[in-house]
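So the chains spell out like this:
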Amino acid sequence: MINKSFSKGDMLDIIHRFNIDIPNCNTFDKLKLSICLWSYIKNVEEIIPDTEVYMINNKDELLHYLSNQNPDKLLSVKEKNKLMNFCKEVIIYCNNGYNLDRSIFNSFEEIYIPLKDMSKYGDIPSVRRAIRLLNNDPAVKEKIIPVISNKMKKQIEVKKKKKTKTYYTLIYKQGNYLINFD
């Protein structure tokens, strides 16, 4: 049976990613969709491997993936709210010029050590933003690198591609550019 941590959207993404033929799957509720998806996978002989997002090569790996806890949803709502509040305070610290007197923190270690532990939740945008801002702090000796899943990396790439817009003959690109005047 599919683990209850998978949302309907997660299951629909798996259906589309592996080209699973379940007609009108968007109209099903979560329970009915999970039953249909599980029975379809059990009865099919082969699935199309996905080496981009899920890194699943065969039917058994997909069944194992679906029967375990969703790796994208490791936090409970309470834990995620606590993490989000901490990230907000780190962002406030960074936006106030990296001044500890203008923040709730007493030392730099109160920020750096917990945020380094939270880097494993790099799929959450607030965590990525807090880490990016903190890495710009001159007091940071060792940069923190957020751990981002393949699925989130793909979503970020798609967002970056959408930032390029064309208006008739004008091309508008958003990003950081360096202009030198000689």
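For the structure given in this document, a descriptive report is provided here. What you see is a predicted model; the values in this text were computed from it and never measured.

**Observations concerning the nonpolar core**
Item 1. Counting 24 residues, the largest nonpolar core has Ile 14, Ile 15, Phe 18, Leu 37, Leu 62 and Leu 66 as the members making the most contacts within it.
Item 2. Among the secondary structure elements, those contributing two or more residues to this core are α1 (8-17), α2 (30-43) and α3 (59-67).
Item 3. Here Leu 62 is in contact with Ile 14, Phe 18, Ile 41, Ile 47 and Ile 56, once residues within four sequence places are set aside.
Item 4. One finds Leu 83, Phe 108, Tyr 112 and Val 127 within the second-largest nonpolar core, a separate group that totals 22 residues.

**Some thoughts on the packing of helix α4 (residues 77-95) against helix α6 (residues 125-135)**
Item 1. Relative to each other, α4 and α6 sit at 30°, their axes nearing to 9 Å. Accordingly, the angle class assigned to the pair α4 and α6 is roughly parallel. The two elements α4 and α6 cross, and the hand of that crossing is left-handed. Along the contact surface, α4 presents Leu 83, Met 84, Cys 87, Val 90, Ile 91, Tyr 93, Cys 94 and Asn 95, while α6 presents Ser 126, Val 127, Arg 129, Ala 130, Leu 133 and Leu 134.

**Focus: the pattern of salt bridges**
Item 1. Across all of its chains, the model carries four salt bridges by this definition.
Item 2. For Lys 151, the salt bridge goes to Asp 13, with nearest N and O atoms at 3.6 Å. Here Lys 151, found in helix α7 (residues 150-162), pairs with Asp 13, found in helix α1; they are 138 residues apart in sequence, far enough to count as distant.
Item 3. Residues joined in a network through salt bridges with shared partners are Asp 10, Asp 13 and Lys 151.

**Considering the packing of aromatic side chains**
Item 1. Under the criterion given, the structure shown has six aromatic pairs.
Item 2. Ring geometry for Tyr 54 and Tyr 65: centres 5.5 Å apart, planes at 70°, overall edge-to-face. With Tyr 54 in the loop between α2 and α3 and Tyr 65 in helix α3, this pair connects stretches of sequence that are eleven residues apart. Taken individually, Tyr 54 and Tyr 65 each receive the classification buried, so the pair is uniform in this respect.
Item 3. Following the ring pairs from residue to residue traces out a cluster consisting of Phe 6, Phe 18, Tyr 54 and Tyr 65.

How each quantity is defined
Residues numbered from 1 in each chain as written. Predicted model: local features only at pLDDT ≥ 70, side-chain atom pairs only at ≥ 80, totals over all residues. Heavy atoms only, no water. Core = buried A, V, L, I, M, F, W, Y, C linked by side-chain atoms within 4.5 Å. Buried < 20%, exposed > 50% of the residue type's maximum accessible area, 1.4 Å probe, protein only. Helix = DSSP H or I, 4+ residues; strand = E, 2+ residues; numbered from the N terminus. Contact = heavy atoms within 4.5 Å. Axes fitted to C-alpha atoms, helices over the stretch in contact; angles between N-to-C directions. Parallel < 35°, antiparallel > 145°, perpendicular 65-115°, else oblique. Left-handed = near helix turned anticlockwise from the far one by under 90°. Salt bridge = Lys/Arg side-chain N within 4 Å of Asp/Glu carboxyl O. Phe/Tyr/Trp six-rings, centres within 6.5 Å; stacked < 30°, edge-to-face > 60°.

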